[in-house]
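Reading the structure
What follows is each chain in one-letter form.
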Amino acid sequence: MRLGDLAAELGRDVDGDTEVWIEGVAPLDSAGPTDLAFVRSAKFASGMLSTRAGAVIAPGDLDSGGRPTIRSPNPGLDFSRVARRLVPQSRPVRGVHPSASIAANTSIDASATVGPGCVIGSGSKIGPGSVLMPNTTLYEDVTVGADCTLHASCVLRERTQLGDRVILHPGVVLGGDGFGYVANETGGFEKAPQLGRVLIGDDVEIGANTTVDRGTLGDTRIGNSAKIDNLVQIGHNCDIGEKVIIVGQVGLAGSTIVEHDAILMAQAGVAGHLTIGAGAFVGPQSGIHKDVGAGVKVLGTPQREERLFHRLMAAMLHLPDLLRRVRKIEKLLGLRGGDKST
């Protein structure tokens, strides 16, 4: 497309030649004369000195060295939209592959795709435009909404429900049993029945090999537009609000509530029956042992509010010197006996 046409679709202005022909997108360091690249901020502007990109998307105040430039207040967002426009994703052929196993009493929309090796249980429903990639398994009474994409080897256990435009990456398991056991008279453990469901809202995306356990009695819920990374564990009866972001290897114990717009960074762990408030931020590798208030930022194990956490980290840098000074003072005061350490 012409650069000017791309800019018009974005509703942005162009500095320089609007007739530049754009065939694809690429990062600054590998872009060629027919590629469009982007610069998020002045921090990354040095890459424009050596790039061969035919044009760039950049903030309005950034010097692009005379290169044709789409000016944008949000270059990353506009670049993503251009990438989807220029490099559309292919779609498998509609219909049910002959190798798929389809139980009786299912409902599969004519515009849906069921790939090779898929298994669809009795009473399950697949909505318009949805795609099940190879070897995906739906147990009984699963509902998949419209325009969903379930990548290879996903497993949705009985009565799981997906809204519309849900994306599940390879190996996602929804509705597995929660980790629930009850001690018996002999000191052993008996399995507690897991009778609830997993309910997923609209526009949710869940990364590869993430697991979401079914509720013990009630339901495990994930709200509209939540984005969940790879290798995340969500325990039984958790309630994840709208537009929540959960990054890789986070673990949520059972009955955790994460309110809307909260962010949990990589490898954070949350003990059960806690609430992460709306708009809260949980830093990477944090261990959460009590509720986090709305809008509060916490880091570390045990959790500390952001300002205190940074003060503690700064203080730790001075501990070795402080210990040496204390030992010297103790020695001068005769409190260390024959200890000659410094």
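A few points on the structure. Chains are numbered independently. Their residues run from 1 in the order of the written sequence. Whole-chain, interface and lining totals are the exception, using all residues; otherwise, since this is a predicted model, local features are given only for residues with pLDDT of at least 70 and side-chain atom pairs are given and counted only at 80 or more. Only hydrogens and water are set aside; all other atoms, that is, all heavy atoms of the structure, feed into the side-chain values.

This next bit is on the sheet that holds strand β35 (residues 281-282). In short, DSSP must find at least two bridges between two strands for them to pair. Helix and strand assignments follow DSSP, with helices taken as H or I runs no shorter than four residues and strands as E runs no shorter than two, numbered in order from the N terminus. Ordered in space as β6-β9-β12-β15-β18-β23-β26-β29-β32-β35-β37-β38, the twelve strands form an open sheet in which the pairing is mixed. Each of the sheet's edge strands pairs with one partner strand only, and the pair in question is β6 (95-96) and β38 (304-305). Pairing analysis gives two bridges linking strand β18 (residues 167-168) to strand β23 (residues 205-206), with the strands arranged parallel. Residue pairing in the sheet places L168 in a bridge with I206 of β23.

All right, on to a nonpolar patch on the surface then. Surface patches are drawn from residues lacking salt bridges whose relative accessible area is over 30%; two like charges belong together within 9 Å, two nonpolar side chains (Val, Leu, Ile, Met, Phe, Trp, Tyr) within 5 Å. Accessible surface area values rest on a Shrake-Rupley calculation with a 1.4 Å probe, where residue burial reflects the displayed protein chains alone. Salt bridges, as used here, are contacts in which a Lys or Arg side-chain nitrogen is within 4 Å of a carboxyl oxygen on Asp or Glu. A contiguous nonpolar patch, built from L308, L312, M313, M316, L319, L322 and V326 and spanning about 570 Å² of accessible area, is present on the exposed surface. Of all elements in the fold, only α3 (306-316) and α4 (319-332) reach the threshold of two or more residues within the nonpolar patch. The greatest single-element share of the nonpolar patch, amounting to four residues, is contributed by α3. Counting through the fold element by element, M316 comes out in helix α3.

It is worth spelling out the sheet that holds strand β3 (residues 35-38) at this point. With mixed pairing, the five strands of this open sheet are ordered in space as β1-β5-β4-β3-β2. Whereas interior strands pair on both sides, the edge strands pair on one side only; in this sheet they are β1 (13-15) and β2 (24-25). Here β1 runs beside strand β5 (residues 69-71); their pairing, made up of three bridges, is antiparallel. Bridge assignment links D13 to a residue of β5, and that residue is R71. Any two residues whose heavy atoms approach within 4.5 Å are treated as being in contact. What counts as an axis is a line fitted to C-alpha atoms, over the stretch in contact for a helix, and the angles between N-to-C directions run from 0 to 180 degrees. Where helix α1 (residues 3-10) meets the sheet, it contacts β1, β3, β4 (55-58) and β5, and its direction lies at approximately 10° from that of β5. Seen against the sheet, helix α2 (residues 75-86) touches β2, β3 and β4 and runs at an angle of roughly 155° to β3.

Along the chain, S99 turns up in the loop between β6 and β7 (101-102). As a C-alpha pair, S99 and P116 span 17 residues in sequence and 5.4 Å in three-dimensional space. Two N or O atoms count as a polar contact when they lie within 3.5 Å, although within protein this holds only if one can serve as hydrogen donor and the other as acceptor, and sequence-adjacent residues are included solely when both atoms are side-chain atoms. At 2.8 Å, the side chain of S99 forms a polar contact with the side chain of H97. In terms of polar contacts, S99 uses its side chain to reach the backbone amide nitrogen of G117, at 3.0 Å.

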